[in-house]
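Coordinate analysis (summary)
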Amino acid sequence: MSSAGDSQVDEKTIAAMRACVDHARALLESARAVQAAGHPNVAYHLAALALEEIGRRELIGVQSLAARRPDAPAWAAKHTQDHIKKLFWCFFGGAFAFQRLTGKALEELTGMATLIHSTRLAGLYVENDKDGLSIPEDAITAEQCANLIELATARLVIAESEKLREEVPDEEIALQAWFLKTTEDPEKRRMIFSGGSMAKLAS
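Our subject in this report is the structure included herewith. (Residues numbered from 1 in each chain as written. Predicted model: local features only at pLDDT ≥ 70, side-chain atom pairs only at ≥ 80, totals over all residues. Heavy atoms only, no water.)

Turning to the packing of aromatic side chains, a few remarks are in order. Summed over all chains, the structure comprises 1 aromatic pair. Seen in terms of ring centroids, Phe 88 and Trp 89 are 6.3 Å apart; in terms of plane orientation they differ by 85°. Their pairing is edge-to-face. Owing to a relative accessible area of 9%, Trp 89 belongs among the buried residues under this scheme. (Phe/Tyr/Trp six-rings, centres within 6.5 Å; stacked < 30°, edge-to-face > 60°. Buried < 20%, exposed > 50% of the residue type's maximum accessible area, 1.4 Å probe, protein only.)

Shown next as structure tokens:
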């Protein structure tokens, strides 16, 4: 039973977040099988999808808490439909618990998410344009594929080890909703993620 002032996390959200982990695991197993079959470009895509699903898990949790507020921001739901944003949230969720996040660190996470997505696209489609013929299987090396599968495996281990809370204090929900709403404003977002602000958060 929840204590006074605590809000019960709905079972649908918990089930969805667990399902994301299960789906990410299945995608990663498929990536390994395709890797063994000698198609690194396709395996890379499946590993990227596994990372996206973990990012989607993070966003489902954020969206669930934010939706409890009357001024809930809309971007969390939009991000679940954006490949790069899902990849970012996959890394952001994992990094937040283990390192001090600075503006530079956030830029690096965005850059990594963008690079993974663009590399994945290069390995998905045959292109024949002014730059010449591009063959998907030539776009991604076996090493690139192995590295992404290793990264996805490590992130999945973290997600599997995280215990979902069934109760979250109302004060924390209010704080998260404020944070999400405030970071919609570019100026306020820069202030929040400044070096001094992140150092205070880390302490």
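Ranked by internal contacts, the top residues of the largest apolar core, which has 32 residues, are Leu 51, Phe 91, Ile 116, Leu 148 and Ile 149. Put simply, the parts of the chain that give this core at least two residues each are α1 (11–36), α2 (40–66), α4 (83–96), α5 (103–122) and α7 (142–161). Looking at this core element by element, the count peaks at 10 residues for α2. Those residues in contact with Ile 116 that sit more than four places away from it in its chain are Tyr 44, Ala 48, Leu 51, Leu 87, Phe 91, Leu 148 and Leu 151. (Core = buried A, V, L, I, M, F, W, Y, C linked by side-chain atoms within 4.5 Å. Helix = DSSP H or I, 4+ residues; strand = E, 2+ residues; numbered from the N terminus. Contact = heavy atoms within 4.5 Å.)

Here we come to α7. If you check α7, its first and last C-alpha atoms are 29 Å apart, about what 20 residues at 1.5 Å a residue would give, namely 28 Å. All of the buried residues in α7 are Cys 145, Leu 148, Ile 149, Ala 152, Arg 155, Leu 156 and Ala 159. For α7, the arc enclosing every buried residue in end-on projection is 135°, short of the 170-degree limit, so these residues lie on one face. Set apart from the buried face of α7 by more than 90 degrees, the exposed residues are Glu 143, Glu 150 and Ser 161. (Expected span 1.5 Å × (residues − 1). Arc of directions from axis to C-beta.)

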